[in-house]
Amino acid sequence: SFFYYNRNERLWNRAKEIEEDIPHFISILATYLSLNRSIESTLDDIQEDYKHHGFPKHPTTDMLESIKNMIYRTKMTLKAIIDKHVLSLSPSMRMIQTLKKIILFTEIDQKSAAKSARMIRAQTLSVYKLDLYIQTLLVETSSLVDITIKVMATLNIFFILSFLKIYKNIYLRYVLLI
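Quick caveat: nothing in here was measured; it's all calculated off a predicted structure. All residue numbers refer to positions counted from 1 along the written sequence of the respective chain. Predicted model: local features are reported for residues with pLDDT of at least 70 only, side-chain atom pairs are reported and counted for 80 or more only, and whole-chain, interface and lining totals are derived from all residues. Hydrogen atoms and water are omitted, and side-chain values are computed over all heavy atoms in the structure.

Draft legend 1. View of the overall build of the protein. Strands are runs of DSSP state E lasting at least two residues, helices are runs of H or I lasting at least four, and both sets are numbered from the N terminus onward. Per the secondary structure count, the protein includes eight helices and zero strands. Listing each helix as α and each strand as β along the protein from the N terminus yields α-α-α-α-α-α-α-α. In terms of C-alpha radius of gyration, the protein reaches 29 Å, well past the compact-globule figure of 16 Å for 178 residues. Principal axes of the C-alpha set define a box for the protein whose edges measure 105 × 35 × 30 Å. Counting all 178 residues of the protein, 29% fall into the buried class. A total of about 12,600 Å² of accessible surface is found on the protein, and carbon and sulfur atoms cover 64% of it. A positive count includes Lys and Arg, and a negative count includes Asp and Glu. His and the chain ends are not counted in either. Taken as the charge location is NZ of Lys, CZ of Arg, CG of Asp or CD of Glu. Taking the average place of the 24 positive charges on the side chains of the protein and the average place of its 18 negative ones, the gap between the two points comes to 7 Å. As a reference, a globule follows 2.2 Å times the number of residues to the power 0.38, and the radius of gyration itself is taken over C-alpha atoms. Partly exposed residues are those whose accessible area sits between 20% and 50% of the maximum for their type, while under 20% is buried and over 50% is exposed, using a 1.4 Å probe and protein chains only. All accessibility values rest on the Shrake-Rupley procedure with a 1.4 Å probe; residue burial counts only the protein chains present in the view.

Structure, rendered in structure tokens:
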């Protein structure tokens, strides 16, 4: 398991970085979609936004670069690229599923895709808040269990000491009676 963890740690960290960045990515994408632009035309601008804000080597920019290269090389649509090349695009299935949903809405209308992107972003943020709340509860629960164990250990020691005192008194009485 140690070798498995070390081999896949970088991949997991990339997936985590991408998933933590989903709300920001969706926000930028929704802004461009509300301007009635296609997703394919916004990939360069989104990548430039990441570079402008100091994240030129972010895994999301790598994903966008690979999508752009596939569009230029294969002349496939974005939907076909995401359907066929899921594993080579991103280690985060959550990001790919989010993109799929938004792309399906762009087939209807750019404005509705922007609205759906905003709704997906709001849902993603609420899931992150719920996750943070659950983590907080777990930390509080583990600290309460830790405190309880320490108190119980102290009470057990007190009980053992008091039992030894009683036993000593009984033993001394028994020895003195003999």
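Draft legend 2. Molecular detail of the layout of surface pockets. Of the two site types, the cavity is a set of points on a 1 Å grid over the protein atoms alone where a 1.4 Å probe fits but cannot get out, and the pocket is an open set with protein on both sides within 12 Å along at least five of seven lines, each lined by residues with an atom within 4 Å of a point. Grid points are joined across faces, edges and corners, and a volume is the space filled by probe spheres set on the points. A volume near 150 Å³ is recorded for the largest pocket. In terms of lining, the largest pocket is formed by Ile-22, Arg-94, Gln-97, Thr-98, Lys-101, Ile-120, Gln-123, Thr-124 and Val-127. Sorting the residues of the lining of the largest pocket by element identifies α7 (93-106) and α8 (110-177) as the ones contributing at least two each.

Draft legend 3. Geometry of helix α2 (residues 22-34). Multiply 1.5 Å by the residue count of a helix minus one, and that product is the helix's expected span. An ideal rise of 1.5 Å per residue puts 18 Å on 13 residues; α2 measures up with 18 Å between its terminal C-alpha atoms. By the burial criterion, the buried members of α2 are Ile-22, Pro-23, Phe-25, Ile-26, Ile-28, Leu-29, Ala-30, Tyr-32 and Leu-33. Looking one or two places after α2, you find Asn-36, whose phi comes out positive at around 65°.

Draft legend 4. Highlighting the nonpolar core. Here, the term nonpolar core denotes a set of buried Ala, Val, Leu, Ile, Met, Phe, Trp, Tyr and Cys residues that are joined through side-chain atoms within 4.5 Å. Among the nonpolar cores identified, the biggest contains 32 residues, and Phe-25, Leu-29, Ile-39, Ile-46, Ile-67 and Ile-102 are the most heavily contacted of them. Those elements that provide at least two residues to this core are α2, α3 (39-52), α4 (59-74), α5 (78-84), α6 (86-89), α7 and α8. Residue contributions to this core peak at eight residues, all from α2.

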